[in-house]
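Chain residues, written in single-letter form:
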Amino acid sequence: AVPAGVGAMAAIIGLDDAGVIAACDEASSIGIAEPVNFNSPGQVVIAGHKEAVDNAIAHCKAAGARLAMTLPVSVPSHSSLMIGAGEALTEALAAADFRTPAIRVLAATDGKAYGDGDDIRARLSRQVYSPVHWVTTVTAMIDGGAATFVECGPGKVLAGLCRRINKSVPVLAVDT
């Protein structure tokens, strides 16, 4: 586990993926700072050591990001700092009975379909410390025939991201 106060995450808006990656590379001289959520064009979340993330925020602002702010989270999800948690999840999932899905289920880390039980276990564990490629995943769903997106539950974050990724596909949010 990552000790409290060591890890951080930040939202970067208004800077392209390459600019965010470059800012993280610059900040990585003082610790881990890496892009972990490619949410939509111009919106990337970064994570890593707090000091390095703070440094990457400064680099993103200097590069022209419209917004670069720390997120109120307890762990740096989807970053390499979470490898230990992913390994622990591997052990916890070892006894779980997974079957090959009857319908196509895509992993958010790469937009590819889950396979058999062993593949599901491995991908779920890797998802803890691997970046989320939401743009790739939504695009794969559209390419696979998705004609409408429905976000179920409180909030409309994913619906908004889907609209920014592809404006031609209808998006609904259901929260009641």
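Since this is a predicted model, take the numbers as computed values, not measurements.

Brief notes about the state of the cysteines
And step 1. Following the criterion strictly, the structure yields zero disulfides and no others.
And step 2. Cysteine Cys152 shares no disulfide, and the gap to the nearest cysteine sulfur, in Cys162, comes to 12 Å.

As for the confidence of the model for the protein
And step 1. For the protein, per-residue confidence averages 95 on the pLDDT scale, and 97% of positions sit at 70 or higher.
And step 2. When pLDDT is averaged over each helix and strand of the protein, the minimum, 94, is found for helix H4 (residues 117–127) and the maximum, 98, for strand E2 (residues 33–40).

A short note on the sheet that holds strand E4 (residues 67–71)
And step 1. The four strands lie next to each other as E2-E3-E1-E4, forming an open sheet whose pairing is antiparallel. Strands with a single pairing partner mark the edges of an open sheet, and in this sheet they are E2 and E4. Neighbour-to-neighbour, the strand axes of the sheet open up by a mean angle of 25 degrees, direction not taken into account.
And step 2. Lying on the sheet, helix H2 (residues 50–62) is in contact with strand E1 (7–13), E2, strand E3 (43–49) and E4; it crosses E3 at an angle near 145 degrees.

Things to note about the packing of aromatic side chains
And step 1. For the structure shown, the criterion picks out zero aromatic pairs.
And step 2. The ring centre of Tyr114 lies 5.8 Å from the NZ or CZ of Arg123, which sits over that ring.

Some points on the layout of surface pockets
And step 1. Put simply, the largest pocket is a space of about 210 Å³.
And step 2. Considering the residues around the largest pocket, the lining is formed by 13 residues, among which Asn37, Asn39, Val45, Val157 and Leu161 are closest to the centre.
And step 3. Looking at the lining of the largest pocket, the elements that each hand over two or more residues are E1, E2, E3 and helix H6 (157–165).
And step 4. The class makeup of the residues in the lining of the largest pocket is ten nonpolar, three polar and no charged.

Calculation notes
Residues numbered from 1 in each chain as written. Predicted model: local features only at pLDDT ≥ 70, side-chain atom pairs only at ≥ 80, totals over all residues. Heavy atoms only, no water. Disulfide = S-S within 2.5 Å. pLDDT = per-residue confidence, 0-100. Helix = DSSP H or I, 4+ residues; strand = E, 2+ residues; numbered from the N terminus. Pairing = 2+ DSSP bridges. Axes fitted to C-alpha atoms, helices over the stretch in contact; angles between N-to-C directions. Contact = heavy atoms within 4.5 Å. Phe/Tyr/Trp six-rings, centres within 6.5 Å; stacked < 30°, edge-to-face > 60°. Lys NZ or Arg CZ within 6 Å of the ring centre and 35° of its normal. 1 Å grid on protein atoms, 1.4 Å probe; cavity = no way out; pocket = protein on both sides within 12 Å on 5 of 7 lines; lining within 4 Å. Points joined across faces, edges and corners; volume = space filled by probe spheres on them. Nonpolar A, V, L, I, M, F, W, Y, C, P; charged D, E, K, R; others polar.

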